Amino acid sequence: MRAAFRTLGCKVNQVETEALLGFLKALEPQVVPLEEGADLVVINTCAVTTSAEADARKEIRRARRANPKAFIVVTGCYAELSPEAVRELGADAVVPNSRKAELPKVILEHFGLPADPITTPPNEFWGAGERGLLNSRVRAFLKVQDGCQVGCAYCIIPRLRGKERHRDYRDALAEAEALLGMGIQEIVLTGVRLGSYRGHPKGLAGLVEDLYHLGAKVRLSSIEPEDTGEDLLRVIGRYAPAVRPHLHLSLQTGSDRLLRLMGRRYDKAYYQNLVARAYELIPGFALTTDVIAGLPTETEEEHQETLAFLEALRPSRVHAFTYTPRPKTRAASMPQVPLEVRRRRTREIIALAQALAEARIRPKLGEAVEVLVERRQGDHALGHTPDYYEARLEGPARPGETVWARVEGVEGYTLLGRVVGVKEAPKAPLELPLAPR
């Protein structure tokens, strides 16, 4: 069985694809690139923007051209939004988000294998730790929340992911234990609106603390500013760097008027105070963020406000997006900024973000930094620092090791360095096969 997997969009999609592999053990899949001929193709799509939809359509067409006889399954947000269009593009099966836990059953039954309790996810929070991890040796995602009911004016995700649901912390901890037993070194908590997590009596902060006491290194994926309480900041600060001192706090714009218009539930003062408090409470804290350029009715003065606010925040990385009207959202019916202006503003945000990143990263030259090695590429070890800088290192280092590395150079957002010592060896053997034989 030759199987190809393509994941577009968010980390929630990534965890669901990763978990699917474990439930397909009965197929004994040999994972291959999309272009190398597959019997099974699974495409997990995104539809957060119209360009994400276009990417999904492109991937489905490409999959059918490269694999004319394959069983092609399309799932994710675009499958939820436009199932008929997905079928017309060449999909044999369409599994929307609302039925995503049925993916293993759909695939196994097509190939004549039974779908039973061993191959069927117990609920929508199925994860890689329940049936075995096939495609990651060092880091794994743990999904603990799904859905969103806030309804920002520019966003269609509440329609595609539904109301908020929260995984019981006992189930989450059981999966985390299984992942650690497989040799996973870092667990990345994910959710569509992660900060709203209510599956633990003490919320997200309580879950993070429990994961730390299990022996996990813990990283948080994107989180909304208004969901980030002081209790969470204190837990991160208390257990850093094992609980990673990094937060991705979505900003979107530096204009208070636009924040209100877009339905965001914070203002600049709140955001700035939150970041200042994070720096106070968390040793080695790093901030990354998202910004949307050219939101409806954005003036040039408001664009300049965003640039000035980013300069004051000095994040280590900014993901800049050009606003595109999303049908069936409130923002789509608002007066639009001309496309060429939106694109120019995006370029200006990217240029500033690169300058800010360079200013943050240059002081690390000559320092010794901690790096979790995730894989090797040729003569180099690749990984991330606790504060989420990418690192490419020379010297002996195995995937799963936490090493000390001397920073000798910088390339874009990547630290270049040399291994000078091992801080922590892997807790368990990491030589898991990519697919069972």
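Up top is the structure these notes are about.
As the structure is a computational prediction, the values presented were derived from the model and not from experiment.

## What about the side chain of serine 221?
Then, number 1: As for its placement among the helices and strands, serine 221 is situated in the loop between β9 (217-220) and α9 (230-239).
Then, number 2: Judged by relative accessible area, which is 7%, serine 221 ranks as buried.
Then, number 3: At 2.9 Å, the side chain of serine 221 forms a polar contact with the backbone oxygen of leucine 189.
Then, number 4: Aside from chain neighbours lying at most four places away, what touches serine 221 is Lys11, Val188, Leu189, Thr190, Gly191 and Leu194.

## Section: the sheet that holds strand β6 (residues 139-146)
Then, number 1: Spatially, β7-β6-β8-β9 is the arrangement adopted by the four strands of the open sheet, whose pairing is mixed. Here the strands that pair on one side only, and so sit at the sheet edges, are β7 (165-166) and β9.
Then, number 2: Pairing geometry for strand β8 (residues 186-191) and β9, over four bridges, is parallel. Looking at β9, one finds that glutamate 186 is bridged to lysine 217.

## Topic: the pattern of salt bridges
Where charged atoms of side chains with opposite charge meet at close range, the side chains can pair.
Then, number 1: What the rule picks out here adds up to 44 salt bridges.
Then, number 2: Of the charged contacts in the structure, one is a salt bridge between arginine 139 and glutamate 374, with a shortest N-O distance of 3.9 Å. Linking arginine 139 in strand β6 with glutamate 374 in strand β13 (residues 368-377), this pair joins segments that are 235 residues apart in sequence.
Then, number 3: In this structure, arginine 170 engages aspartate 168 in a salt bridge whose closest nitrogen and oxygen atoms are separated by 2.9 Å.
Then, number 4: Judged by relative accessible area, which is 53%, arginine 170 ranks as exposed.
Then, number 5: Looking at aspartate 168, the relative accessible area reads 26%, which means it is partly exposed.
Then, number 6: One connected set of salt bridges, linked through shared partners, spans Arg139, Glu186, Arg219, Arg244, Glu370, Glu374 and Lys423.

## Some remarks on the nonpolar core
Then, number 1: In this structure, Leu189, Leu204, Val208, Leu220 and Tyr271 are the most contacted members of the largest nonpolar core, which totals 53 residues.
Then, number 2: Sequence-distant contacts of leucine 220, that is, excluding residues within four places in its chain, are made with Leu189, Leu194, Leu204, Val208, Leu232, Ile236 and Leu247.
Then, number 3: By size, the runner-up hydrophobic cluster in this structure holds 26 residues, among which are Val41, Ala63, Ala70 and Leu160.

## Side note on the packing of helix α11 (residues 268-281) against helix α12 (residues 300-313)
Then, number 1: Following both chains from N to C, one finds α11 and α12 inclined at 15°, their axes separated by 11 Å at the closest point. In terms of axis orientation, α11 runs roughly parallel to α12. For the pair α11 and α12, the sense of crossing is right-handed. Between α11 and α12, the residues in contact are Lys268, Tyr271, Gln272, Val275 and Tyr279 and Glu305, Phe309, Ala312 and Leu313, respectively.
Then, number 2: Residue classes in the contact of α11 with α12 are distributed as six nonpolar, one polar and two charged.

Parameters at a glance
Along every chain, residues carry numbers that run from 1 in the direction the sequence is written. Reporting of local features is limited, given that this is a predicted model, to residues whose pLDDT is at least 70; pairs of side-chain atoms are given and counted only at 80 or more, and all residues count toward the totals for whole chains, interfaces and linings. The basis for every side-chain value is the complete set of non-hydrogen atoms in the structure, without hydrogens or water. For helices the rule is a DSSP run of H or I covering at least 4 residues; for strands it is a run of E covering at least 2, with both sets numbered from the N terminus onward. Type-normalised accessible area, obtained with a 1.4 Å probe on protein chains alone, sets the label of each residue: buried when under 20%, exposed when over 50%, and partly exposed for intermediate values. In the analysis that follows, any N or O atom pair within 3.5 Å is treated as a polar contact, provided that within protein one partner can donate a hydrogen and the other can accept it, and provided that, for residues neighboring in sequence, both atoms belong to side chains. Every residue pair with non-hydrogen atoms within 4.5 Å of one another is taken to be in contact. Note on pairing: DSSP must find at least two bridges between two strands before they are called paired. By definition, a salt bridge exists where a carboxyl oxygen of Asp or Glu is found within 4 Å of a side-chain nitrogen of Lys or Arg. Put simply, buried Ala, Val, Leu, Ile, Met, Phe, Trp, Tyr and Cys residues joined by side-chain atoms within 4.5 Å make one nonpolar core. Axes here refer to lines fitted to C-alpha atoms; in helices the fit is confined to the stretch in contact. Angles between the N-to-C directions go from 0 to 180 degrees. Working rule for angles: under 35 degrees goes down as roughly parallel, over 145 as roughly antiparallel, 65 to 115 as roughly perpendicular, anything else as oblique. Handedness of a crossing is defined here by the sense of rotation of the near helix relative to the far one, left-handed for an anticlockwise turn of less than a right angle and right-handed for a clockwise turn. We call Asp, Glu, Lys and Arg charged. Ala, Val, Leu, Ile, Met, Phe, Trp, Tyr, Cys and Pro are nonpolar, and the rest, Gly among them, are polar.

Nothing here speaks to function; it is all geometry.
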